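One-letter residues, chain by chain:
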Amino acid sequence: MSLSVYVIAYFILITVVLGMLYIYPKLELHLLLNTYHNSILDTFFKYYSTLAEWPLYILALIPMFKKKFKLTLFFGLCELTGGIMLQILKHTICTERPVCAFEHYQNIILPLVQGVNMHHSNSFPSGHASTFFVFFTCSAIFLAYHYRNKMNDNHKKLLARLTLGTMMLLFLVLATLGAYSRVYLSQHFLSDVCMGSIIGFVTPCLIFYFGRHKILKLKLNETKND
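Below is a short write-up of the structure. (Residues numbered from 1 in each chain as written. Predicted model: local features only at pLDDT ≥ 70, side-chain atom pairs only at ≥ 80, totals over all residues. Heavy atoms only, no water.)

**Details of unusual backbone geometry**
Part 1 of the argument: Here the bond from Phe124 into Pro125 is cis, since omega is -5°, no more than 30 degrees from zero.
Part 2 of the argument: When you line up the elements, Pro125 lands in the loop between helix 7 (98–101) and helix 8 (127–147).
Part 3 of the argument: One non-glycine residue, Cys94, lies in the positive phi region at around 55°.
Part 4 of the argument: Its place among the elements puts Cys94 in the loop between helix 6 (69–93) and helix 7. (Helix = DSSP H or I, 4+ residues; strand = E, 2+ residues; numbered from the N terminus.)

So this is what it looks like as C-alpha cells:
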C-alpha cells in the first residue's frame, strides 16, 4: 500500500533524528543545524513556518465544499487531540526556548531572522511541527485510501503506485520542512520538533485505526458517487 511509503520514510527520518539527539549535546546540535543562513532561506522559512498558524486550517476546510464534512472533522479531531497532549506537555515540562538558553553564553551569537517575533518559554514540544505533521499525515491517509480502489487496471497500476509513492514522499518532505523551519528560526530545539512530529504523526494514525471502519465506508461511498 502506498501509505507504507510515508510510514517507512517517517520511521527512517525519526531514527536519524533520534540518533543525532543521542550523539550531540542539545545546544551544540542546534548550532550545527543553524550554521548556514542566507536571505532566501530566511524569507522562505519565515513565511513557510506561518502555514501552521492558520493557512493549513483553511486548506483542511476544502473537503467541506465537496460535502465531505467527515474528512474535515477527522483533521479537526486529530489536531484537537494532538493539541491537548501538546499543551499538557508544554506546561508540565516548561523548557526554555533557544534564545533564552543561549543567553548564558555571551561568546555565542545565535543567528536570528529579522522580523520574527521570538518566544522564550514552553519550548517542548513544538506545536507548529505537530500541526504540519497532523495535516500531511491526514493528507497521506486520505490520498492512499481514496485511490486504493481505483488501481484495478494492471496496465496503469505500476505508474499509479509510483505516483502515489512520490506524493507520499512529497508530503513527508513538506511536513519536515515545516518542522525544521522552527529550528532554523531558533524558535525550537530539534528535540522539540521531534516530539511535535511524533504527536502529529501518531495521533492521525491512531484515530484512523480506531475509526477506520466509518472512514473507509465514507471513502467507498464517495468512490461510488464519483
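After that view of the structure, there is still more to cover.
**Focus: the nonpolar core**
Part 1 of the argument: Residues Leu3, Tyr6, Phe74, Phe133, Phe136 and Cys138 are the most contacted members of the largest nonpolar core, which totals 42 residues.
Part 2 of the argument: Mapped onto this core, the elements with two or more residues apiece are helix 1 (3–23), helix 2 (26–33), helix 6, helix 8, helix 9 (154–184) and helix 10 (190–225).
Part 3 of the argument: Ranked by the residues each element gives to this core, the list is headed by helix 8, at 13 residues.
Part 4 of the argument: If we ignore the near neighbours within four places in the chain, the residues touching Cys138 are Phe74, Phe75, Cys78 and Pro204.
Part 5 of the argument: In this structure, Val113, Val116, Leu185 and Phe189 belong to the second largest nonpolar core, which totals 12 residues. (Core = buried A, V, L, I, M, F, W, Y, C linked by side-chain atoms within 4.5 Å. Buried < 20%, exposed > 50% of the residue type's maximum accessible area, 1.4 Å probe, protein only. Contact = heavy atoms within 4.5 Å.)

**Quick notes on helix 2**
Part 1 of the argument: Here helix 2 has its buried residues at Leu29, His30 and Leu33. Buried residues in helix 2, looked at end-on, bunch into an arc of 100°, giving them a common side. (Arc of directions from axis to C-beta.)

**Details of the packing of helix 1 against helix 8**
Part 1 of the argument: Where helix 1 meets helix 8, the axes come as close as 8 Å, and the angle between the chain directions of the two elements is 150°. The angle between helix 1 and helix 8 places the two elements in the roughly antiparallel class. Contacts between helix 1 and helix 8 involve Leu3, Tyr6 and Tyr10 from the first element and Phe133, Phe136, Thr137, Ala140, Ile141, Ala144 and Tyr145 from the second.
Part 2 of the argument: Here the contact of helix 1 with helix 8 is built from residues that sort into nine nonpolar, one polar and no charged. (Axes fitted to C-alpha atoms, helices over the stretch in contact; angles between N-to-C directions. Parallel < 35°, antiparallel > 145°, perpendicular 65-115°, else oblique. Nonpolar A, V, L, I, M, F, W, Y, C, P; charged D, E, K, R; others polar.)

**Description of the side chain of Ser181**
Part 1 of the argument: Mapped onto the elements of the fold, Ser181 is located in helix 9.
Part 2 of the argument: Residue Ser181 is classed as buried on the basis of its relative accessible area of 0%.
Part 3 of the argument: Setting aside residues no more than four positions away along its own chain, Ser181 makes contact with Phe45 and Ser49.

**Some thoughts on the environment of His188**
Part 1 of the argument: When you line up the elements, His188 lands in the loop between helix 9 and helix 10.
Part 2 of the argument: Distance from His188 to Pro98, taken between C-alpha atoms, is 6.2 Å for residues 90 residues apart in sequence.
Part 3 of the argument: Among residues more than four places away in sequence, those in contact with His188 are His30, Lys90, Arg97, Pro98, Ser123, Pro125, Ser126, Arg182, Val183 and Val193.
Part 4 of the argument: Engagement of the side chain of His188 in a polar contact is seen with the backbone oxygen of Ser123, the distance being 2.7 Å. (Polar contact = N/O pair within 3.5 Å; in protein donor to acceptor, adjacent residues only side chain to side chain.)

**Some remarks on the environment of Ala60**
Part 1 of the argument: With respect to the element layout, Ala60 can be found in the loop between helix 4 (55–59) and helix 5 (62–65).
Part 2 of the argument: By relative accessible area, which is 7% here, Ala60 ends up buried.
Part 3 of the argument: Each C-alpha atom, one on Ala60 and one on Phe135, is 7.8 Å from the other, the two residues being 75 residues apart in sequence.
Part 4 of the argument: Contacts of Ala60, omitting those with residues within four sequence positions, involve Thr72, Phe75 and Phe135.

**Topic: the packing of aromatic side chains**
Any aromatic ring pair is given by two values, namely how distant the centres are and how the planes are angled relative to each other.
Part 1 of the argument: This structure, assessed with the given rule, holds 19 aromatic pairs.
Part 2 of the argument: With a centroid separation of 6.1 Å and 20° between ring planes, the pair formed by Tyr6 and Phe201 is classed as stacked. Of the two residues, Tyr6 is situated in helix 1 and Phe201 in helix 10; the sequence distance between them amounts to 195 residues.
Part 3 of the argument: The class of Tyr6 is buried, set by a relative accessible area of 0%.
Part 4 of the argument: Summarising the aromatic geometry, the rings of Tyr10 and Phe133 are spaced 5.6 Å apart at their centres and angled 65° between planes, so their arrangement reads as edge-to-face. Placement of Tyr10 in helix 1 and of Phe133 in helix 8 is noted, with a sequence separation of 123 residues between them. Residue Tyr10 shares its accessibility class with Phe133, and that shared class is buried.
Part 5 of the argument: Cluster of aromatic residues (ring-pair linked, three or more members): Phe44, Phe45, Tyr48, Phe132, Tyr180 and Tyr184. (Phe/Tyr/Trp six-rings, centres within 6.5 Å; stacked < 30°, edge-to-face > 60°.)

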